[in-house]
Amino acid sequence: PYEYIRNENSITFYESAGENKTRLFLYPKPTPLDARRPFQWNVQNWYSRPYDYIYYYPTITKGSPIIVNLALNYPNKKFLVWAADDLIPKSYEDYGFWIEQMEKIDNIDIIKRGEDFTNKFLRQGKFLLYPSILDSIGWLPVEAGMEGAVPICSDTSLLRHSTGPFAEFVYDDSITFSPNN
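Predicted model only: the values in this text are computed from it and were never measured.

## Remarks on the nonpolar core
Alright, step 1. Membership of the largest hydrophobic core comes to 17 residues, with the highest contact counts inside it found for Ile54 and Phe121.
Alright, step 2. The set of elements that each furnish at least two residues to this core consists of strand 3 (51–56), strand 4 (79–82), helix 4 (117–122), strand 6 (125–130), helix 5 (139–146) and helix 6 (157–163).
Alright, step 3. Here Phe121 is in contact with Ile54, Tyr55, Tyr56, Leu80, Val81, Trp82, Ile111 and Asp116, once residues within four sequence places are set aside.
Alright, step 4. One finds Ala83, Tyr95, Ile108 and Leu129 within the second-largest nonpolar core, a separate group that totals 14 residues.

## A word on helix 5
Alright, step 1. Of the positions making up helix 5, those classed as buried are Leu140, Pro141, Val142, Ala144 and Met146.
Alright, step 2. Positive phi shows up at Gly148, right after helix 5, with a value of about 95°.

## Examining the pattern of salt bridges
Pairing between side chains of opposite charge can happen when their charged atoms approach one another.
Alright, step 1. What the rule picks out here adds up to four salt bridges.
Alright, step 2. Across the pair Asp52 and Lys126 runs a salt bridge, and its minimum N-O distance is 3.5 Å. With Asp52 in strand 3 and Lys126 in strand 6, this residue pair connects regions lying 74 residues apart in the sequence.
Alright, step 3. Judged by relative accessible area, Lys126 falls into the buried class, the value being 12%.

## With respect to the pairing of strand 7 (residues 150–154)
Alright, step 1. Where strand 6 lies against strand 7, four bridges are found, and the strand directions are parallel. Pairing of Tyr130 across the sheet is with Cys153, part of strand 7.
Alright, step 2. With three bridges joining them, strand 7 and strand 8 (residues 168–170) adopt parallel strand pairing. Each residue of the ladder has a partner; that of Ser154, found in strand 8, is Val170.
Alright, step 3. Crossover handedness for the path strand 7 to helix 6 to strand 8: right-handed.

## A word on helix 2 (residues 64–73)
Alright, step 1. Along helix 2, the residues that are buried comprise Ser64, Ile67, Val68 and Ala71. Buried positions in helix 2, seen along its axis, are confined to an arc of 100° and lie on one side of it.

Conventions and cut-offs
- Residues numbered from 1 in each chain as written.
- Predicted model: local features only at pLDDT ≥ 70, side-chain atom pairs only at ≥ 80, totals over all residues.
- Heavy atoms only, no water.
- Core = buried A, V, L, I, M, F, W, Y, C linked by side-chain atoms within 4.5 Å.
- Buried < 20%, exposed > 50% of the residue type's maximum accessible area, 1.4 Å probe, protein only.
- Helix = DSSP H or I, 4+ residues; strand = E, 2+ residues; numbered from the N terminus.
- Contact = heavy atoms within 4.5 Å.
- Salt bridge = Lys/Arg side-chain N within 4 Å of Asp/Glu carboxyl O.
- Pairing = 2+ DSSP bridges.
- Right-handed = clockwise from strand over helix to strand, strands pointing away.
- Arc of directions from axis to C-beta.

Structure (structure tokens):
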């Protein structure tokens, strides 16, 4: 039930000891999160969603500069950003900077505190923008896809593995490079 992926560019946690070994990653094959609740596609519902794009976790590694530029260049499109207070990472200094930049843009709405992630976020947008270059497993595009939002992701091997059947992928050397890819 598992697929092995060897990544020659990754280094073990022993790199400080002078060892430089390739890690072996074990990823579960993608499966629906809740097979008991089959998804019913409703085109009218999709077109009536209030936001064109949704975006999650505003940091530089998740593509915040891209979202800001898209919102500035497409003022007629509506963006919803999930930036709940409980997501503020202690180690990312740029988080507050990107929230401040997004607050200045008229066509971006920000959710700073939320409790119903599915209804208040995932079901509000037509597309999930996910230009992440560093990702652990890629569950968010799977969740968004299950709720009817079409994921638009960076073309990294991990995101292709987790969301391949139903996502759109964008490749560009300047945004898709990842030392873990």
